[in-house]
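# Breakdown of the fold
Chain by chain, the residues run as shown.
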Amino acid sequence: MKLMQGNEACAAGAIAAGCRFFGGYPISPSSEVAEEMAKLLPKNGGVFLQAEDEMASLGAVIGAALGGSKAMTATSGPGFSLMQEHIGYGYLAEIPCVIVDVMRGGPSTGLPTAPSQGDVMQAQWGTHGDRVAIALAPSSVQEVYDLMIQAFSLSESLRTPVIVLMDEVVAHMREGVDLTVPDKASIARRPLPTEPPGVSFEPYRSGDDLVPHVPDFGVGYRFHVTGLMHDERGFPTSNTDVAAALLARLEKKVHLAKDLVAPESYLMDDADIAIVAYGITGRTAKAAVDVLRSKGKKAGLLRPRLLWPVQDEMLKSALANAEVVVVAEMNRGQWVREVERIVAGDTWIYPLLKAGGSMITTDEVVSHALSASDRSSAADGARSSRQDLRIG
Amino acid sequence: MTADFSRVAIRLTGSGGQGIALAATVLAESALSNGLHATLIQEHGPEARGGATRADLSVSWSPIPNPQFQLPDLCLVLSDKAWDRFAKNLVGRDDVGLVADRERVTMASTADNQAGGIVAMSFEEAAKGRIGSKLVTNMICAAALARLLEAISLDSLSDAAERRSPLAFREKNRAAVKLGWQMMDEYLETHTLPWRVPGREIGKLASGVSGDRGANTLEAGGSALTA
């Protein structure tokens, strides 16, 4: 066990996953990721690049990824905003890379070192057009390490940008980490073409796996990469059938991630009160579940590790028997909308929302869950109501 | 299976620059090498560069679900500002152990500290007088707290302090750890602690001595990260 900060474990996980390029612009509270990568990459035969801003950073990452590197960047809200255009580009051009966003209080420059979970919707909707995000949310330093490795695996095997959403607490917290390096076979590498270069080669053709076998630049294939709608040759097209099919395939491909990342489920089997929370709030909620159980309440925790794409079916079945669903998050109400979309009409939803830079406490979760439970039993019959509690 | 959420909650407070974060890091690291679980969260705002700041360390024999707590079991105070912000409202509680620097904290400079429930020790004076640098005060304090816990060995603390020290301070920090340990040793021989010491029960933590101190104390106010 090694004592590490979340941001240090993030860098260690990236290196373990084979990341050899970092392009970034340091910003609190993600700066230690850049600092660590600047130390680790040269020792591991990689390249660290500090760019002039976040747009250039992700541009460099995309270039390195096309050249065959496993590549990443790390930023926080303001920088994440600047990266949105390139994130869309990476999605449409199917470029594997990992983007770490350590969420701080926003909007704008907001609260640089205070915790928040305010970029959750941005991770999915920040870039324009019909694009489906993959976003992971770790809740411990160990999980930062593990999910960074998984983020690279997902991005490589599905050829798509993967976002890791940390909150400031997870990023700066120190905990023991087991830095076991997974065996090489379990770390995916992007699928490469088996056919030789030639005029008939089509880099963006895909088979049943839905993933095109795009070669790395510089190994003898001539091909074209674009953010315009393109055909299987990689060249721009305005053919609406081709564009529609491309969007459909990309969405179907990214949805494969839903079966690859399991949530943490704690005492959910007989839970009347289900608490849904992610990141550091998931830890708080877990402690609250213990307190509620000690008071004789059947409470359970469902902590998604994958926020996007939303695991609809998993959530629906996990929450089917709950009388009350409490969704706790450090924002003014973001992911709760997804939970509401999925279970509204079947159960009561009681969001516990706190924005402004401080953590949700165990006490707050406990008392909110207790009052939610009381109110729902008093109002038997009406099952589709939502009762918000906003703190601060 | 429910998680065992017994743990000892230790809050280290002082002014930015006193090395609070490093002392907490060294304690956390040595806790790990003694087979304990540890979590450490701290303030990263402008307070960490001047105002009153804190680091919240939890140690336990079992995994720690929630790294934040409102009410500490042990609270180290190294400045007046930190006293006002973090310790003032804890005076007189027999379930919170206050340990304060006698010279830096006005409230700890009186003769009847014991009556007020404060363990007052001259950490900074010892650092200056016996090691030759007040910069090692943080390591003296870390060792004094570790001595109270009785679950972290002197050797592991010494090693952690050395690993985390710049080259020029390795020897001094090693000496500081030894000194802090001795100071608390002597204190325990000559005094009865004015509070129940949940920390000293850590050896029995598996039976849940400490409980979840974060769970029933909203009145302590604020959250773990911003008060």
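Preceding this paragraph is the structure being described.
Keep in mind it's a predicted model, so treat the numbers as computed, not measured.

### Brief notes about the nonpolar core
In this structure, Met37(A), Met72(A), Val100(A), Leu136(A), Met148(A), Met166(A) and Val326(A) are the most contacted members of the largest nonpolar core, which totals 77 residues. If you tally residues by element for this core, the top one is helix α6 (residues 141–158) of chain A, at 10 residues. There are two domains that each give this core at least three residues, and those are domain 1 (2–186) and domain 2 (264–391) of chain A. Counting residues in hydrophobic clusters, the runner-up holds 54 residues, among them Leu40(B), Ala55(B), Met183(B) and Tyr187(B).

### Digging into the side chain of Glu175(A)
Topologically, Glu175(A) is positioned in strand β9 (residues 174–177). Given a relative accessible area of 10%, Glu175(A) falls into the buried group. Among the polar contacts made by the side chain of Glu175(A), one reaches the main-chain amide nitrogen of Val141(A) at a distance of 3.0 Å. Within the structure, the side chain of Glu175(A) is placed 2.7 Å from the side chain of Arg283(A), a separation counted as a polar contact. Non-local contacts of Glu175(A), meaning those with residues more than four positions away in its chain, are made with Lys2(A), Leu3(A), Met4(A), Ser140(A), Val141(A), Arg283(A), Ala38(B) and Thr39(B).

### Regarding the sheet that holds β9(A)
Strand order in the open sheet made by the 8 strands is β1(A)-β9(A)-β2(B)-β3(B)-β1(B)-β4(B)-β5(B)-β6(B), with mixed pairing throughout. Strands at the two margins of the open sheet, each flanked by one partner only, are β1 (2–5) of chain A together with β6 (118–121) of chain B. For this sheet, the mean angle separating the axes of adjacent strands, direction not counted, is 25°. Two strands pair when backbone bridges link them, and strand β1 (residues 8–15) of chain B and strand β3 (residues 52–60) of chain B are joined in this way by 8 bridges, in the antiparallel orientation. Each residue of the ladder has a partner; that of Val8(B), found in β3(B), is Val59(B).

Here is what the cut-offs are and how they apply
Residues numbered from 1 in each chain as written. Chains lettered and ligands numbered in written order. Predicted model: local features only at pLDDT ≥ 70, side-chain atom pairs only at ≥ 80, totals over all residues. Heavy atoms only, no water. Core = buried A, V, L, I, M, F, W, Y, C linked by side-chain atoms within 4.5 Å. Buried < 20%, exposed > 50% of the residue type's maximum accessible area, 1.4 Å probe, protein only. Helix = DSSP H or I, 4+ residues; strand = E, 2+ residues; numbered from the N terminus. Domains from an automatic or database assignment. Polar contact = N/O pair within 3.5 Å; in protein donor to acceptor, adjacent residues only side chain to side chain. Contact = heavy atoms within 4.5 Å. Pairing = 2+ DSSP bridges. Axes fitted to C-alpha atoms, helices over the stretch in contact; angles between N-to-C directions.

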